[in-house]
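# Structure assessment
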Amino acid sequence: MKEMDNDFFVIKAKENGVNVIGLTRGTETRFHHSEKLDKGEVMIAQFTDHTSAVKVRGKAVIYTRHGVVDTEA
Ligand code: TRP
């Protein structure tokens, strides 16, 4: 399974109601999934055949192999 070789990234919510939105891969870029996290909740995810981009709304910290970023909200 290709996902096995794919790095994970972690999103940790710093407030209630953080949205993690998956955007489709391919010619059409649209939302296909929205996950709501409450404060302290963590989501672990990957980029896949279906997901090429992720948008995070709300106060959160995102950990990736490339470093750590936080949203400002
Ligand atoms: N079904 C989606 C997929 O396989 C699940 C998913 C993976 C996802 N990574 C994500 C959803 C990131 C939201 C954000 O692509």
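Described in the following lines is the structure provided in the data block. (Residues numbered from 1 in each chain as written. Predicted model: local features only at pLDDT ≥ 70, side-chain atom pairs only at ≥ 80, totals over all residues. Heavy atoms only, no water.)

## Section: the sheet that holds strand β2 (residues 18–24)
Strand order in the open sheet made by the 3 strands is β3-β2-β5, with antiparallel pairing throughout. Edge positions in the sheet fall to β3 (31–37) and β5 (51–57), since each has one partner strand and no second. Strand-to-strand twist of the sheet, defined as the mean angle between neighbouring strand axes without regard to direction, takes the value 20 degrees. Sheet topology note: the β2/β5 ladder contains 6 bridges and is antiparallel. Residue pairing across strands places V20 opposite V56, the latter belonging to β5. (Pairing = 2+ DSSP bridges. Helix = DSSP H or I, 4+ residues; strand = E, 2+ residues; numbered from the N terminus. Axes fitted to C-alpha atoms, helices over the stretch in contact; angles between N-to-C directions.)

## Description of the side chain of T71
Considering the arrangement of structural elements, one finds T71 in the segment after β7 (67–70). Within the local environment of T71, its side chain forms a polar contact with the backbone oxygen of G58, the two atoms lying 2.4 Å apart. Engagement of the side chain of T71 in a polar contact is seen with the backbone nitrogen of A60, the distance being 2.9 Å. Setting aside chain neighbours within four positions, we find T71 in contact with V56, G58, K59, A60 and I62. (Polar contact = N/O pair within 3.5 Å; in protein donor to acceptor, adjacent residues only side chain to side chain. Contact = heavy atoms within 4.5 Å.)

## With respect to the sheet that holds strand β1 (residues 9–13)
Across the sheet, 4 strands lie side by side as β4-β1-β6-β7; this open sheet has antiparallel pairing. Each having just a single partner strand, β4 (42–45) and β7 make up the two edges of the open sheet. Geometrically, the sheet is characterised by an average inter-axis angle of 15 degrees between neighbouring strands, direction not taken into account. Across 4 bridges, strand β6 (residues 60–64) lies against β7 in antiparallel orientation.

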